[in-house]
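Working through the structure, step by step
Read off the chains here:
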Amino acid sequence: MSKSYFDETHCAIGHPKSTFMQWMLTIDHKRIGIMYAAVMFTFFFVAVFTALAMRIELFAPGGQYMDGDTFNQAFTLHGVIMIFLFIIPGIPAVFGNIVMPLMIGAKDVSFPRLNWFTFWLYIAGCCIALASLFIGEGVADTGWTFYAPYSLNTGTNVIMALVAAFVLGMASILTGLNFLVTIHRLRAPGMTFFKMPLFVWGIYATAWIQLLATPVVGITLILAIMEKYFGIGIFDPAKGGDPVLFQHLFWIYSHPAVYLMILPAFGIMSEIIPTFSRKEIFGYRTIALSSASIAGIGYLVWGHHLYTSGMSDIAKTVFSFLTFFVAIPTGVKFYDWVATMYKGKIVLSTPMIWALGTIITFAIGGITGITITMIGLDIHLQDTYYTVAHFHYAILGGVVFLMFAGMHYWFPLVTGKMYNETKAKIAFYLQFVGFNLLWFPMFIAGYYGMPRRYFDYLPEFEIYHQISFFGALIFIAGLIYMFWVFFKGWTKGEAATPNPWNATTLEWHLPTSPPPLENHSKVPYVDFDPYEYHQGEPVVKFNYETMQRID
Amino acid sequence: MSNTLEGFSSSASTFNADMDFAFWMHIWVSVALFLSVVVPMFYFAWKYRADKVKNEEIGTLTHHTALEITWTVIPIIAVMFFFYYGNTTMKMFRTMPAESQSIVIDVEGSKWKWKYEYPANKAGHVHKIGGVYKKPTIDENGKVVEAGSMGISALYVPVNTNIILKMTAPVNDVIHSYYVPAFRMKEDVVPGRTTKQWFNASKVGEYDVECAEYCGTDHSYMYSKIVVMEKDAYEKWFEGAAEDTPKGNFAKDGKALYAQNGCASCHSIDSDATLVGPSLKGIGSKYDSQYLSDAVTNPDKDVPEGFYPGIMPAFKLSPEDLATLVKYMETGK
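The rules behind the values
Per-chain numbering applies: the sequence of each chain, read as written, is numbered from 1 onward. Here chains are named by letter from A upward and ligands by number from 1 upward, in the order in which they appear as written. Given that the model is predicted, a residue must reach a pLDDT of at least 70 before its local features are reported, and side-chain atom pairs must reach 80 or more before they are shown or counted; all residues, however, enter totals for whole chains, interfaces and linings. The side-chain numbers reported here are obtained from all heavy atoms of the structure, hydrogens and water having been left aside. Secondary structure elements follow DSSP: runs of H or I no shorter than four residues count as helices, runs of E no shorter than two count as strands, and numbering proceeds from the N terminus. With the radius of gyration taken over C-alpha atoms, the globule rule is written as 2.2 Å times the number of residues to the power 0.38. Only protein chains enter the area calculation, which uses a 1.4 Å probe; residues under 20% of their type maximum are buried, those over 50% are exposed, and those in between are partly exposed. Every residue pair with non-hydrogen atoms within 4.5 Å of one another is taken to be in contact. Only the protein chains shown count as covering a residue, and every accessible area follows the Shrake-Rupley method with a 1.4 Å probe. Note that His is not counted, nor are the chain ends; the positive residues are Lys and Arg, and the negative ones are Asp and Glu. Charge positions come from single atoms, namely NZ of Lys, CZ of Arg, CG of Asp or CD of Glu. Only protein atoms enter the calculation, which uses a 1 Å grid: trapped sets of points that fit a 1.4 Å probe without letting it out are cavities, open sets showing protein on both sides within 12 Å along at least five of seven lines are pockets, and any residue with an atom within 4 Å of a point is a lining residue. Grid points are joined across faces, edges and corners, and a volume is the space filled by probe spheres set on the points. Strands were regarded as paired on the criterion that DSSP finds at least two bridges between them. Only the stretch in contact is used when fitting a helix axis, every axis being a line fitted to C-alpha atoms; angles between N-to-C directions are given from 0 to 180 degrees. Summed over both partners, the accessible area lost on bringing two parts together, with a 1.4 Å probe, is the buried area. Put simply, a salt bridge is a Lys or Arg side-chain nitrogen that is within 4 Å of an Asp or Glu carboxyl oxygen. Whenever a nitrogen or oxygen atom comes within 3.5 Å of another N or O atom, the pair is scored as a polar contact, on the condition that within protein one atom can donate a hydrogen and the other can accept it, and that pairs from neighbouring residues in sequence are kept only if both atoms are in side chains. In this text, buried Ala, Val, Leu, Ile, Met, Phe, Trp, Tyr and Cys residues form a nonpolar core when linked through side-chain atoms within 4.5 Å. The split of the chain into domains comes from an automatic or database domain assignment. Pairing of aromatic side chains here covers Phe, Tyr and the six-membered ring of Trp, requires ring centres within 6.5 Å, and sorts the geometry by plane angle: under 30 degrees stacked, over 60 edge-to-face, intermediate tilted. Here, a charge over a ring is recorded when the distance from Lys NZ or Arg CZ to the ring centre is within 6 Å and its angle to the ring normal is within 35 degrees. For a helix, the expected span equals 1.5 Å multiplied by the number of residues minus one.

1. Remarks on the overall build of chain B
A count of helices and strands for chain B gives six helices and twelve strands. Against the globule reference of 20 Å for 333 residues, chain B gives a C-alpha radius of gyration of 28 Å, more extended than a compact globule. When each of the 333 residues of chain B is scored for burial, the buried share is 49%. A sequence separation of at least 24 residues applies to 64% of the contacts in chain B between residues at least 6 apart. With an accessible surface of roughly 15900 Å², chain B has 59% of that area assigned to carbon and sulfur atoms. Each charge sign in chain B was given a centre, from 32 positive and 39 negative side chains, and these centres are 3 Å apart.

Now the structure itself:
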């Protein structure tokens, strides 16, 4: 029995004997990815149950279980965890780490020790965020956007939350740097940029955003801290500052951050669709370049968050115009994916139904985003449940759903085991139905004027909140069931072969499942496209010992 | 579509027809675009399902220039329509009518109430209306036994008349947003700045106003109401004497002032904990009211031992508010 990366590892310092210390000190990209996933999903569930608590409170008008202040802290906690601790590290931290080096035929990322340090920086950020729960006046009540001057005046623990966000931002920058260098320097010989799998393209575009946009939010958070501690008037009008400046600086980062979340997710979609259609992807170059162009245009659209903030009308018009041009490359990708299925051989395995389900939910999320790009309509819908529903359709129904798709797709690669397909599909349908029941009513409530961040509401909106509540129950049941299926699969599942899906990309051409410590036995020579199928079978075959082509 | 929210009708203001057209045009075009993705997806997933397709029948199409141009150009045309209608509706909201042909009303949003100040009427009287929302009464299970209410505090305006709202917030307050769902309009109210919006109501009735920008504890209760009256009824009220101004339920007790001015972020009052500044618990027995009011308006004048000048900003409060606040610090009421 050959050794896998679970049996042996390289460590940052020394050669510890204990399994625990080996995990703590590991610099292996696959182990680090797993540890990210473990921590991130722990926080994810904390935030999910915080959200459920809010839904319970909102079930009926009036204040049953929490008062306004507690509710304000609850939605801040939910937002901060989901954004900074979960979705921003997100797919890059987990699958960028585990899969990207395998896809380009590398033995690890370029800077494995930096990768280890980055993980622990992330943990430090999480600890600071957690500590803010228990120190002083409790967790911040500002919303995850920390808008000034509210964040400068409130008595809650905003500073801790800002410091945590800063440290997490630092981790994000270092991850981006590491991945950029890895993709530039460690691609297998012969693999040009246009021979890279599309997931790597997604990670590449994302890494640039992490590297270039994150410092802006870092600076903003530092300015807010300086204002709060030293009384320097930057954002607070009482000290001569400008509160709208904060919004500009905040969204210069936080809007590109949305693309930072979605681009790797689109990458996962672009892996799954050709694999389960058993044919080459339609419009490879279009998809690759649209990721790059979204990453570029994404910097220039932040102002669409400020249509009602008192910004000049000319600025609104320009931002609105540019924002529509993010929608176009995104829309083109959808057509490319569907065209890939044309005359394919569609295998409806669990990863594929997650991907197809996401086409529906993300299309709704994207289209409703266009609604609020129209300036006049946004004047009505800004800060209502319409916007909340749009955001959750795009991020939960887009990014997180595709992350789940990726978890089902790469589960056999990571664990060497297989989950129960039937049960995994039941989990999908539960979540899909629950998700739509949970968020679709919010579009209607928002259209009728239900503002976000209200802990009590006018009785007219009761019905929408009640439907949402039942949707939430179904959704969470499906979510827990899905993780249970994963758990059973990992502990009791059947052993998986190295390429269970008949996929083409390099991460499926490993000698064993799960992979050995240093991945491929030899560095392969890449003189083929990433998704070459001939009559439903992968064209490229390797001798896994020598990594020579044998087809 | 049924009308659930109070006053949410399709003809409440001059904006509504254009707004609803832009919205539904966008929705129907979007539904068509959505179907153009989802219908082929379901069809292909069914038509080319694995057990129906032999391996040698699998296609190899990876490019189709005409199709690709089509599905790039049609969405571009669609979004340019969206852009156009987004822009014209914005212009409608943002092009203020001439002030000479409008009633200009000053609006102040502060934690957590809206205040309106009218121009002086013929008798020289200035109507000032405003107040907090009376929260719903709930029983011990949290069930609402009596719905909340704005009482008679409202923005009273005549029908078919341009109303310009000049909005601001006190400089030491936070951002709010004046949102009238029935008129499809909102604009942020920023401390230290004046922002404007306008409307022309077409139907007599009562319309809800909500705060849409998160502003703290009672954000969810920062309501107001717009009462649209017949023109002559409005004139009669407007030209009336001071006694006729609806008084509202403009509650401003010391506790509210303490919260609204953000005192609590640096001074605890229920405990002895020292935050940034000293605790104010039992402060009334240590200092007289003159010292306390100076400490609010000119904090660096006489700083207690162990603390430093230059930390606390000076607060500008009206004399009545200041007295109320000092009394709260002294007595807890």
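Once you've had a look at it, read on.
2. Some points on empty space enclosed by the protein
Residues and elements named next belong to chain A. Going through the model one piece at a time under the given rule, you end up with nine cavities of 30 Å³ or more. In this structure, the second largest cavity encloses a volume near 100 Å³. Residue lining of the second largest cavity: 14 residues in total, with Leu77, Val80, Ala129, Ser132 and Val139 positioned closest to the centre. Contributing elements (two or more residues each) for the lining of the second largest cavity: helix 3 (68-87) and helix 6 (112-134).

3. Some points on the sheet that holds strand 10 (residues 195-200) of chain B
Residue and element names in this part refer to chain B. Strand order in this open sheet of five strands is 3-2-1-7-10, and the pairing throughout is mixed. For this open sheet the edge positions go to strand 3 (128-131) and strand 10, each flanked by a neighbour on one side alone. Here the strands of the sheet are splayed against their neighbours by 20° on average, with no regard to which way each runs.

4. A look at the interface of chain A and chain B
Of the residues lining the interface, 96 residues belong to chain A; the matching set on chain B comes to 92 residues. In total, chain A and chain B occlude about 8100 Å² of area from one another, counting both sides; carbon and sulfur atoms represent 66% of this. The interface formed by chain A and chain B holds one salt bridge in total. As a salt-bridge pair, aspartate 242 of chain A and arginine 193 of chain B come within 3.2 Å of each other at their nearest N and O atoms. The interface formed by chain A and chain B includes 24 residue pairs in polar contact (both at pLDDT 80 or more). At the level of elements, helix 3, helix 7 (150-153), helix 10 (243-277), helix 12 (313-341), helix 13 (350-371), helix 14 (375-381) and helix 16 (421-447) of chain A are the ones that each hand at least two residues to the side of chain A that touches chain B.

5. Some words on helix 4 (residues 90-98) of chain A
Of all nine residues in helix 4 of chain A, nine are buried, a share of seventy percent or more. Within the span of helix 4 of chain A, buried status applies to Gly90, Ile91, Pro92, Ala93, Val94, Phe95, Gly96, Asn97 and Ile98 of chain A.

6. Regarding unusual backbone geometry
Following alanine 148 of chain A, the chain continues to proline 149 of chain A via a peptide bond in cis, the omega torsion being 0°. Its place among the elements puts proline 149 of chain A in the loop between helix 6 and helix 7. The linkage connecting lysine 111 of chain B with the following residue, tryptophan 112 of chain B, adopts the cis geometry, with an omega of -10°. Counting through the fold element by element, tryptophan 112 of chain B comes out in the loop between strand 1 (102-110) and strand 2 (113-117). At asparagine 160 of chain B, a residue that is not glycine, the phi angle is positive and equals roughly 50°. As for its position among the elements, asparagine 160 of chain B is in the loop between strand 6 (155-158) and strand 7 (162-168). With relative accessibility at 46%, the residue asparagine 160 of chain B sits in the partly exposed group.

7. Considerations on the nonpolar core
A general tendency of soluble globular proteins is for nonpolar side chains to be buried together. Grouped together as the largest cluster of nonpolar side chains are 283 residues, with contacts concentrated most on Tyr122 of chain A together with Tyr178, Phe183, Phe199 and Ile226 of chain B. Broken down by element, the residue count for this core peaks at 21 residues, all from helix 15 (residues 385-415) of chain A. A domain split of this core shows at least three residues from each of domain 1 (16-94) and domain 2 (99-244) of chain B. Counting residues in each nonpolar core, the second largest holds 16 residues, with Tyr258, Cys263, Val296 and Val326 of chain B among its members.

8. Brief notes about the pairing of strand 2 of chain B
Residue and element names in this part refer to chain B. Of the strand pairs in this sheet, strand 1 and strand 2 are connected by five bridges, and their pairing is antiparallel. Within the sheet, the bridge partner assigned to aspartate 106 lies in strand 2 and is glutamate 117. Hairpin connection, strand 1 to strand 2: the antiparallel pair is bridged by two residues. Where strand 2 meets strand 3, four bridges bridge the pair, whose relative direction is antiparallel. Bridge assignment links tyrosine 116 to a residue of strand 3, and that residue is isoleucine 129.

9. A few points about the side chain of histidine 267 of chain B
Residues and elements named next belong to chain B. Looking at the element boundaries, histidine 267 is found in the loop between helix 4 (254-260) and helix 5 (289-297). Relative accessible area serves as the criterion here: at 15%, histidine 267 is assigned to the buried category. Of the polar contacts made by the side chain of histidine 267, one reaches the backbone oxygen of proline 278; its length is 2.7 Å. When near neighbours in sequence (up to four residues on either side) are disregarded, histidine 267 contacts Tyr258, Leu275, Gly277, Pro278, Leu280 and Met312.

10. Notes on the packing of aromatic side chains
Following the criterion strictly, the structure yields 103 aromatic pairs over all chains and no others. Ring centres 5.1 Å apart and planes at 85° place the aromatic pair phenylalanine 75 of chain A and tyrosine 214 of chain B in the edge-to-face group. One end of the pair, phenylalanine 75 of chain A, is in helix 3; the other, tyrosine 214 of chain B, is in the loop between strand 11 (205-211) and strand 12 (224-229), on a second chain. One residue, arginine 31 of chain A, lies across the ring of tryptophan 23 of chain A, its end atom 4.4 Å from the ring centre. The cationic tip of lysine 186 of chain B hangs over the ring face of tyrosine 179 of chain B; the distance from NZ or CZ to the ring centre is 4.0 Å.

11. Overview of the sheet that holds strand 11 of chain B
Residue and element names in this part refer to chain B. Sheet architecture is open: five strands sit in the order 6-12-11-8-9, paired in mixed fashion. Here the strands that pair on one side only, and so sit at the sheet edges, are strand 6 and strand 9 (185-189). Strand-to-strand twist across the sheet, computed as the mean angle between neighbouring axes with direction ignored, equals 25°. Relative to strand 12, strand 11 runs antiparallel, the two sharing five bridges. Counterpart to aspartate 208 in the pairing with strand 12 is lysine 225. Its contacts with the sheet put helix 3 (residues 231-238) on strand 6 and strand 12, and the angle it makes with strand 6 is roughly 130°.

12. Things to note about the environment of valine 94 of chain A
Residue and element names in this part refer to chain A. Inspection of the secondary structure assignment puts valine 94 in helix 4. Linking valine 94 and methionine 35, residues 59 residues apart in sequence, is a C-alpha distance of 8.3 Å. In this structure, valine 94 is in contact with Gly33, Tyr36, Ala37, Met40 and Met403, ignoring residues within four places of it in sequence.

13. Some thoughts on the domain arrangement of chain B
If you check the domain split of chain B, you get domain 1 (16-94), domain 2 (99-244) and domain 3 (254-331). Taking only C-alpha atoms into account, the centre of domain 1 of chain B sits 60 Å from that of domain 3 of chain B.

14. Thoughts on helix 3 of chain A
With 20 residues, helix 3 of chain A extends 27 Å from end C-alpha to end C-alpha; this agrees with the ideal 28 Å at 1.5 Å per step. Buried residues dominate helix 3 of chain A, accounting for 18 of its 20 residues.

15. Description of the pattern of salt bridges
Scanning the entire structure with this criterion turns up 18 salt bridges over all chains. Among the ionic pairs, arginine 549 of chain A bridges to aspartate 527 of chain A, the shortest N-O distance being 2.9 Å. Of this pair, arginine 549 of chain A sits in strand 4 (residues 548-549) while aspartate 527 of chain A sits in the loop between helix 17 (462-492) and strand 1 (533-534), and the two are 22 residues apart along the sequence. For aspartate 527 of chain A, a relative accessible area of 43% puts it in the partly exposed group. Where lysine 54 of chain B meets glutamate 57 of chain B, a salt bridge forms, and the shortest distance between an N and an O atom there is 4.0 Å.

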